[in-house]
Amino acid sequence: MANCIVDKDGIKRYLVSVNVNGGVFTKVVKANTLLVNFLREELDMIGTKKGCELGDCGCCTVMLDGNAVNSCLVLAVDVDGREVTTAEGVADGEDLDIIQEKFIEHAAFQCGFCTSGMIVSSRALLNENPSPSEYEVREAIAGNLCRCTGYVNIVDAVLDAAEKK
Amino acid sequence: MSVKVNRDYSYVGKSLDRNDSYQKTTGRAQYTGDLKFPNMLYGKLIRSDVAHAIIKNIDTSEAEKLPGVKAIITARDVPAMKYGLSPARFDENIFCTDRVRFNGDKIGAVCAVDEETVYKALKLIKVEYEELEPVFTVEHAKKEGAPQIFEEYPGNLNTEIHHKFGDPDEAIKDAHYVRTDVFQGQRTYHAFIENHCSVGMWDGDKATLYSSCQSVHYVQYHLARVLGMKMGDLRVLKTHVGAGFGGKLDPTGLDFAAVILSKMTGQPVKMFYDHAETFLNGRGRHPITMTLTTGVDKNGKILGHKYTAVLEGGAYTGLGIASTYYAGSLLGVLYNFENYQFDAYRYVTNLPPCGAQRGHGQPQPRFAFEHHIDLIGEAIGVDPIDMRLINARDANTYTLAGYEVKSYNLKAANKMARDASGWKEKRGKLGVGRGIGVGNGGFVTGAGFCQYRTDLPHSVGMIKIYDDGTQAFVYSQAVDIGQGSDTVLLQMAAEAMGYPYEQCKMYAGDTDLSTLDFGAYASRQTLMAGWAIKRAGEDIRQKILDQAVEMFKASGKIKEGWAYIGNRELRTDDLDVKEGVVYVKQEPSLTLTFEEVARRYFVTKGVLIGRGWYHPGKLGGNHKGAAVGTSPAYSSATQIAEVKVDMETGQIECVDTWDVHDSGTIINPKLFHGQVHGAFYMGIGETIWEEVLFDKKTGKLLNGNFSEYRLPTALDMPPVLSLTLDESWEPNGPYGLKEVGEGATTPTMGAVANAIYDAMGVSMTELPITYEKVWRALKDKK
Amino acid sequence: MYLPDFEYYAPDNIAEASKLLTQFGEKAKLFAGGTDILVKMKNEVLAPEVLISTKNLGMKEIEYVSGKGVVIGARCTHNDLVKSETLAKKYASVSNAARQMAHNQVRNVGTVAGNISNAVPSADLPPIFISLDATVKLVGSNGERTVAMEDLFTGPGKTVLAQDELITEVVVPDQKMTGSTYIKFGLRKSGALAVVGVAVAVQVENNVIKDARIALGAVAPTPVRAKKTEEFLKGKTVSDELLAEAGVIASAECKPISDIRASAEYRTDLIRIFTKRALRKAIDEGHV
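Residues numbered from 1 in each chain as written. Chains lettered and ligands numbered in written order. Predicted model: local features only at pLDDT ≥ 70, side-chain atom pairs only at ≥ 80, totals over all residues. Heavy atoms only, no water.

1. Describing the confidence of the model for chain C
Piece 1. Here chain C shows a mean pLDDT of 97. Residues at 70 or above account for 100%.
Piece 2. On the interface metric, ipTM, the complex scores 0.97, and its pTM is 0.97. (pLDDT = per-residue confidence, 0-100.)

Quick look at the structure:
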């Protein structure tokens, strides 16, 4: 494979250039480097969290080319040349995204650990479906577990952030 | 107590935004696992893979040779002093010294330059065990000749309680109706999403430990004790904490290892769990068998009640003694009856230890009693809510155990829930497969006693006004684990001082910087830390007003003999301060800003500090174990749930829920209702879905993941209508408040179980009430 | 958690992929969405020395080919199935089946080929494809072949794929069925494996069942056709009693096990219930 270098112990590493939140980062990783660790360790972006690490809890959710995915189950080598959006990149500079504003207004978080993934899943939903039904909101975040809020205020916040039909 | 309450506050009672809103919604909030320090090492615990065994040999030689491994420690490298949470049962070691007591027990720790190397090193460690026969059930633990897991618990009996008030046998003899039911509660666990993590580092003789914990004080206290350090030499602090629900109260092997390994290596060490290890850390709900016998008169009034609880405690005690007491100690608060016998037994087994989980020992007994009461009502022809109205406690009474209950509005809560849910139109009229059920609950607002014997106050608050008066720094070791304690304490501080909330900043959960507080458990912080902070705020206010008197006089705005104030000197009590403005009550246009007064204070008198503290004082109850159950205030709550049951498959769907909370003054309604939502969520999950499962032969954890330990998803959760009682006001709580965080979980299991019974007609006495159990019950009924 | 080391290849075409699969034999695994294999590797159930990524192999189209049917590329994700306009027009039951799988994040990366070739007994796509008489195209070093979906599975986690073969497409053929649906019964409404899965396709004319295909998931080592039930239904007039009887017959055609999620007894009765309900739904909704 192109962009592969081998060190004296025979360990292969790959060059990865990825657009994260609008900035392009180039790093060298092993094949078994997971995207979630790449973001947190290589790029010092700690907004994406590690919880179950098996794709069940959703707190590692990022957008990959616009689709919400579990970054704990994506290889860093597979994001070369692609676009990743993390919780840190949902806001537009200093201005909060409407979803973030509504989360604050509705107190849609308590301990906050699921919140990064929850907001990314919500943003991915509204990008594709600007006026979802309540069912569609719940379906979009069904892969994001929250132990604190029971989802009540989260669903309210996302519906409030959505375009009114 | 019906009090016309004046709630004209600036900040208390307002749904202000959380103080951590920006960080948490933008991915900036740092949790312990997000911390990075120069030269930091990564570490994990070495765990047993057998349930009950003598450790013959731990061979770390291969692991030590792996490049990047920095240190490996086992029991011989650390102090052997035992620790725990209940002083009567300190039975845990940092690492097992001679034997392991559950599959996953901690026997050592490894640290290395990165995560991957740690995992590789763990695989190279070889442990030789002499396996012993394991004990996985209470039946086995009790048996004659069963293996003894601890020398100090003969018969594997860890806790035994016998309470008797009045004469229940006599009272039941003359009852119109007597009923006995047996119920089973299952092992569940807190299932917070953030795994435990600890980062330790040293600077000379001073250690610093970041810990994802609920109480920096207890972690500091226990670590200092075992490691032989002065408490002041160990700084324990927290970053943002990803929830706890009782599971982050015990000091963990990560805490000890982080401090020890960082000293050994001279580098910061981050110790962390994988998600399955949070299950192995345990400290969740005990499996519990509950046998209830109640005698009532023809109206349903409880004449006598006998209750036996048998708990399976897992391998270590932790808070397990308190859990055992709580299983029975609060029943007499909810309901008013005089004749009560409570016998409880807690056994140890070779499984992860059980401890405190939201509602601490109460939720499953509430499930049992609330369903039992419904069955009694059905038998004698009394509606479930009427059963509760007849028996619910009133305010300003003493329980049979001698606990004083001031505000208490359980009857009003029942009525409001009944009306809000449409109970009268629905109960008995929803048709087969649909049901509505009610459950009552409530909790202590802080425990009357510290976890260890001490004369310390329960909370100390300190507020510093910045030199130029533009900021107020509020200090408390109270820990915000998501419930919002930072925000509500800041609201109370601002209110007490008369200072703008926006200019208040919290320094919480740091044993160096913040002042003593026992931490987040027993739903104590809003009341106890609240009192300490409120008093600190009032101290500031007093100093500000005294200073302002001087300044008004010196300004010439108030002359001696001023007519408005009765021709006498201006006094402090002629002034008031609100939202940053000091004013003369009799002439409000005469003002000074808080800032200018504070600045003048700083210049003339030095730093402006307010101090306050709180101790609950001697609380009632003279029987053995009375300590568990004492509290300055008791909340109460009624919850109603409406469910649909598929009468063929047994599938249960919770379609609507209501909660009415008797919580006194609500400091922040938005955050308050969020707590109710989350408590409902946990209660519904534990009623229908959640159970920790183990292999019956090896004691290995089978479902330590979020796909087989099923939490409800957003598609499974019903709407929640959360209501409060305006007339509820608690004299023992600052601003009249009482708790909500734990009390809101206690009615849920009863309400949902009762709704399921109403829907399908078969009494389900074993939690979780899974679809398959309902299916089987319906099949067997035919 | 720890992902063990492995050699990584990302071939640019199928021939190269086949060659690598042959070269490494048992040491290698194909890697598509990764949501299954990476979980197994983290749980130490699998430790392949080589992962061969399919990311450069295309096969992401869904198109209707006249005279053939709907051709679904092997690397289409489950959400591709959910959102496909072609499927919405032609086989909405396939989209609806995919929508019940896992949760949104997994559906965005999990692939059709991945779900099928993993061959877990509780997989959701095989039953609906079997009920619609789908076929699978396999390509290897020796050329290509087409296998009926229902003949693909030989046991839990086992298929007829040769070591060097890849799935390249699934074809749902033009057919006479007038109604089809898949009902998945899981222990919660999202993120749950099927405790049982029932897929049916029926051809109903004038309220008479002319043809039926019923595929049951999670109740045998592989997805199974309930052939006796199909025979029973053919030629009969639709009624509640008929469908209830069909359910009873179907429940005798499965061989479920008891596991951490459900007992065999429960699963058997669920088959009875959901065969009846799936037939009713497929007949009433009247679309494939």
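2. Quick look at a negative patch on the surface
Piece 1. Among the surface-exposed residues, Asp92, Glu94, Asp95 and Glu101 of chain A lie close enough to one another that they form a single negatively charged patch.
Piece 2. Position of Glu101 of chain A among the secondary structure elements: in helix H2 (residues 98-105). (Patch = residues over 30% accessible without salt bridge, like charges linked within 9 Å, V, L, I, M, F, W, Y side chains within 5 Å. Areas by Shrake-Rupley, 256 points an atom, 1.4 Å probe, with all protein chains shown as cover. Salt bridge = Lys/Arg side-chain N within 4 Å of Asp/Glu carboxyl O. Lys, Arg positive; Asp, Glu negative; His and termini not counted. Charge placed at Lys NZ, Arg CZ, Asp CG, Glu CD. Helix = DSSP H or I, 4+ residues; strand = E, 2+ residues; numbered from the N terminus.)

3. What to know about the environment of His162 of chain B
All names here are of chain B.
Piece 1. Residue placement: His162 occurs in strand E7 (residues 157-165).
Piece 2. The exposure class assigned to His162 is partly exposed, which follows from its relative accessible area of 47%.
Piece 3. Once the C-alpha coordinates of His162 and Phe342 are considered, the two residues, 180 residues apart in sequence, prove to be 5.9 Å apart.
Piece 4. When sequence neighbours within four positions are dropped, the list of residues in contact with His162 reads Phe342, Asp343 and Tyr345. (Buried < 20%, exposed > 50% of the residue type's maximum accessible area, 1.4 Å probe, protein only. Contact = heavy atoms within 4.5 Å.)

4. Description of the packing of helix H15 (residues 485-497) of chain B against helix H16 (residues 525-555) of chain B
All names here are of chain B.
Piece 1. It is at 8 Å that the axes of H15 and H16 come closest, and there the two elements cross at 30°. One element, H15, and the other, H16, form an angle in the roughly parallel class. Of the two elements, H15 crosses H16, and the hand of that crossing is right-handed. Across from Ser485, Val488, Leu489, Met492, Ala493, Ala496 and Met497 in H15, the residues of H16 making contact are Gln525, Thr526, Ala529, Gly530, Ile533, Lys534, Gly537, Glu538, Ile540 and Arg541. (Axes fitted to C-alpha atoms, helices over the stretch in contact; angles between N-to-C directions. Parallel < 35°, antiparallel > 145°, perpendicular 65-115°, else oblique. Left-handed = near helix turned anticlockwise from the far one by under 90°.)

5. Things to note about H16 of chain B
Count 3.6 residues to each turn of an α-helix, and residues three or four apart come out pointing the same way.
Residues and elements named next belong to chain B.
Piece 1. An ideal rise of 1.5 Å per residue puts 45 Å on 31 residues; H16 measures up with 42 Å between its terminal C-alpha atoms.
Piece 2. Largest kink in H16: about 30°, centred on Trp531.
Piece 3. Count one or two residues on from H16 and you reach Gly556, which has phi positive near 80°. (Expected span 1.5 Å × (residues − 1). Bend = angle between axes of the 7 residues up to and from the residue.)

6. Quick look at the pairing of strand E9 (residues 197-203) of chain B
All names here are of chain B.
Piece 1. Counting buried positions along E9 gives 5 out of 7 residues, so the element sits mostly inside the fold.
Piece 2. Of the strand pairs in this sheet, E9 and strand E12 (residues 269-272) are connected by 4 bridges, and their pairing is antiparallel. Within the sheet, the bridge partner assigned to Cys197 lies in E12 and is Phe272.
Piece 3. Of the strand pairs in this sheet, E9 and strand E10 (residues 206-211) are connected by 6 bridges, and their pairing is antiparallel. (Pairing = 2+ DSSP bridges.)

7. Some thoughts on the interface of chain B and chain C
Piece 1. On the chain C side, the residues contacting the 27 residues of chain B number 24 residues.
Piece 2. Between chain B and chain C lies a buried interface of about 2,400 Å² when both sides are counted; carbon and sulfur atoms form 50% of it.
Piece 3. In terms of surface lost to chain C, no three residues of chain B exceed Glu648, Arg710 and Trp775 of chain B, which account for 22% of the buried area on that side.
Piece 4. Our count for the contact surface shared by chain B and chain C stands at 10 salt bridges.
Piece 5. Across the pair Lys123 of chain B and Glu44 of chain C runs a salt bridge whose closest N-O atoms are separated by 2.9 Å.
Piece 6. One can count 19 residue pairs in polar contact (both at pLDDT 80 or more) joining chain B with chain C.
Piece 7. Secondary structure elements with two or more residues in the side of chain B that touches chain C: helix H3 (115-124) and helix H20 (771-781) of chain B.
Piece 8. Counting residues per element, the side of chain B that touches chain C draws most heavily on H20 of chain B, which supplies 5 residues. (Buried area = accessible area lost by both parts, 1.4 Å probe. Polar contact = N/O pair within 3.5 Å; in protein donor to acceptor, adjacent residues only side chain to side chain.)

8. Notes on the domain arrangement of chain A
Residue and element names in this part refer to chain A.
Piece 1. One can read the domain layout of chain A as domain 1 (3-89) and domain 2 (98-164).
Piece 2. The gap between the C-alpha centroids of domain 1 and domain 2 is 24 Å.
Piece 3. Listed per partner, the contact involves 16 residues of domain 1 and 13 residues of domain 2.
Piece 4. Summing both partners gives a buried area of about 1,000 Å² for domain 1 against domain 2, and 63% of it is carried by carbon and sulfur.
Piece 5. Of all residues in domain 1, the largest losses of buried area upon contact with domain 2 belong to Thr61, Met63 and Ala87, amounting jointly to 38% of the total for that side. (Domains from an automatic or database assignment.)

9. Focus: the pattern of salt bridges
Piece 1. According to the stated counting rule, one finds 93 salt bridges over all chains in the structure shown.
Piece 2. Salt-bridge contacts for Asp169 of chain B lead to Lys306 of chain B; the nearest nitrogen and oxygen are separated by 2.7 Å. With Asp169 of chain B in helix H5 (residues 168-173) and Lys306 of chain B in strand E14 (residues 302-312), the pair connects residues that are 137 residues apart, well separated along the chain.
Piece 3. For Asp169 of chain B, a relative accessible area of 39% gives the class partly exposed.
Piece 4. Relative accessible area serves as the criterion here: at 26%, Lys306 of chain B is assigned to the partly exposed category.
Piece 5. Here Asp269 of chain C makes a salt bridge to Arg272 of chain C, at a shortest N to O gap of 2.7 Å. Remark: Arg272 of chain C and Asp269 of chain C occur in helix H11 (residues 264-285); sequence separation between them is 3 residues, near one turn of the helix.

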